[in-house]
Amino acid sequence: MSPSPQDSFADYNFHLCDCGSGFFTPDTGKYQIARVKFGVPLEEVFKNDIPGPLLVLILKLNKEAPYKKDVFRAPGHQGNVKKLIHFLQNGRLVNIDNYSVYTIASVLKKFLRKVPDGIFGRGAEQELFHMIETGTVEEQRDHIHSLISSLPVTTQRLIVLLFGTFRVIASNAERSQTGMTVEALGVSVAPSFFQSCVSDGKTAKMEDVLRYKVATKIMKFLIENFGVSNLFGRDNYEYYARITGRILKVEEDWIFSFRYPPDGLVSRKFCFTIWM
């Protein structure tokens with residue numbers, strides 16, 4: 001029996017120390033919580049895996065944001081945003097229950113926006129901007145799959161957790177009347193993923209507006225196609241299911257949360273849908 005999102009997330013207890021991402025220091029005899037560095041390359045943030053505190057933030061959003069209005073669009077409490085960032089950077093113990101999903105979403109957007117050259121990297125970002133305007137949908141999926149597969153494993157895991165969370169939020173938008181459709185999410189988070197669409201000056205130029213529209217289009221494509229075909233890669237889908245506790249339902253009635261069926265039983269072009 002697969003764990004529910006509640007069961008999976010309960011293991012974290014909403015505390016940043018309970019995520020298995022820290023280290024014991026013999027000198028002090030204390031357990032140190034992993035720090036989340038802002039404004040540095042991802043390889044400096046991810047030593048061996050996604051830092052536990054950052055993982056907990058994403059999991060809280062994955063669990064609660066689908067039922068809240070305007071998450072990722074409405075700003076969080078600025079004082080709490082600054083406080084939480086300070087705690088994350090200094091490896092301080094935090095009870096996540098004390099922070100709203102709006103504050104956490106704002107912190108996450110700030111983290112992504114400060115990654116040098118963006119989460120995809122400058123070269124991959126340019127590829128995405130070109131890809132989204134050319135080729136068929138299947139060709140675009142294959143191109144994105146190849147691009148994502150070329151990134152470090154920890155970056156791939158961060159990306160699949162983020163877009164899986166966006167997909168769950170968008171899938172619940174109408175049912176829960178949150179207003180966070182695929183379009184709304186794309187507009188709200190595109191600048192955090194694609195730094196080249198953000199204006200350098202106070203006044204946006206026409207080229208900035210056009211790039212922003214293309215960036216939004218890319219975000220919509222990635223959110224809408226989450227779980228479709230092999231866009232994010234088999235290992236990443238399994239990681240998402242295992243970490244979040246959510247179940248992915250595949251055509252031909254294959255349902256799995258921790259592993260894929262054998263290659264010969266389901267073709268590469270199978271289509272996922274999120275099992276809500």
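Residues numbered from 1 in each chain as written. Predicted model: local features only at pLDDT ≥ 70, side-chain atom pairs only at ≥ 80, totals over all residues. Heavy atoms only, no water.

Digging into the packing of aromatic side chains
Here is the rule: The criterion for an aromatic pair is that two Phe, Tyr or Trp rings (for Trp, the six-membered ring) have centres within 6.5 Å, with stacked assigned to planes under 30 degrees apart, edge-to-face to planes over 60 apart and tilted to the rest. By definition, any uninterrupted DSSP run of H or I lasting at least four residues is a helix, any uninterrupted run of E lasting at least two residues is a strand, and each is numbered from the N terminus. Categorising residues by exposure relies on relative accessible area from a 1.4 Å probe, with only protein chains included: less than 20% of the type maximum marks a residue as buried, more than 50% marks it as exposed, and the intermediate range marks it as partly exposed. Criterion for a charge above a ring: Arg CZ or Lys NZ at most 6 Å from the ring centre, at most 35 degrees from the ring normal.
Within this structure, the stated rule accounts for 13 aromatic pairs. When the ring of F120 is compared with that of F194, the centres are 5.6 Å apart and the planes differ by 10 degrees; the resulting orientation is stacked. One end of the pair, F120, is in the loop between α5 (101-113) and α6 (122-131); the other, F194, is in the loop between α10 (182-193) and α11 (206-224), and 74 residues separate them in sequence. Since its relative accessible area comes to 5%, F120 is described here as buried. Aromatic side chains F226 and F232 sit 5.4 Å apart centroid to centroid with 50 degrees between the ring planes, which places their arrangement in the tilted category. Both residues of the pair, F226 and F232, belong to the buried class. Following the ring pairs from residue to residue traces out a cluster consisting of F72, F120, F129, F163, F166, F193, F194, F226, F232, Y237 and Y240. Just above the ring of F129 sits the side chain of R211; from NZ or CZ to the centre is 4.1 Å.

What to know about the packing of helix α3 (residues 52-64) against helix α8 (residues 153-171)
For any two helices packed against each other, one specifies the crossing angle of their axes together with the interaxial distance. For the record, the criterion: Axis lines are fitted to C-alpha atoms, over the contacting stretch for helices. Their N-to-C directions set the angle, which ranges from 0 to 180 degrees. Angles are sorted into four bins: roughly parallel if under 35 degrees, roughly antiparallel if over 145, roughly perpendicular if 65 to 115, and oblique for all others. Each crossing is labelled by how the near helix is turned from the far one, with a counterclockwise turn of less than a right angle marking it left-handed and a clockwise turn marking it right-handed. Contacts are residue-level and defined by heavy atoms, with any inter-residue pair within 4.5 Å sufficient. Nonpolar residues are Ala, Val, Leu, Ile, Met, Phe, Trp, Tyr, Cys and Pro. Charged residues are Asp, Glu, Lys and Arg, and all others, Gly as well, are polar.
Where α3 contacts α8, the axes come no closer than 9 Å and their chain directions differ by 20 degrees. On the basis of their axis angle, the class for α3 and α8 is roughly parallel. Remark: the crossing between α3 and α8 carries left-handed chirality. Packed against α3, whose contacting residues are L54, L55, I58, L61 and N62, the element α8 presents L158, L161, L162, G164, T165 and V168 at the interface. Taken together, the residues that form the contact of α3 with α8 break down as eight nonpolar, three polar and no charged.

Regarding the packing of α8 against α10
At a closest axis distance of 10 Å, the pairing of α8 and α10 adopts a crossing angle of 155 degrees. Classified by the angle between their axes, α8 and α10 sit roughly antiparallel to one another. In the packing of α8 onto α10, the handedness of the crossing is right-handed. Of the residues in α10, those touching α8 at L162, F163, F166, I169 and A170 are V182, L185, V189 and F193. Broken down by class, the residue content of the contact of α8 with α10 amounts to nine nonpolar, no polar and no charged.

Concerning the nonpolar core
Under the convention used in this document: Joining through side-chain atoms within 4.5 Å is the link that ties buried Ala, Val, Leu, Ile, Met, Phe, Trp, Tyr and Cys residues into a set, and such a set is a nonpolar core.
If you look at the biggest cluster of nonpolar residues, it comprises 77 residues, and the most contacted ones within it are F72, F120, F163 and F193. For this core, the element with the highest residue contribution is α8, accounting for ten residues. In this structure F120 touches E125, L128, L147, L151, I159, F163, F193, F194 and L222, once residues within four positions along its chain are discounted.

Topic: the pattern of salt bridges
Any two side chains of opposite charge can pair, so long as their charged atoms come close to each other. For clarity, the threshold we go by: What makes a salt bridge here is a side-chain nitrogen of Lys or Arg within 4 Å of a carboxyl oxygen of Asp or Glu, nothing more.
Taken as a whole, this structure holds eight salt bridges when the rule is applied. Between K217 and E133 there is a salt bridge, and its shortest N-O distance comes to 3.3 Å. With a gap of 84 residues between them, K217 in helix α11 and E133 in the loop between α6 and α7 (137-149) connect regions that are remote in the sequence. Take K217: its relative accessible area is 39%, and that puts it in the partly exposed class. Note on E133: relative accessible area 47%, which makes it partly exposed. Several salt bridges converge on common partners, so that one network encompasses K60, E64 and D97.

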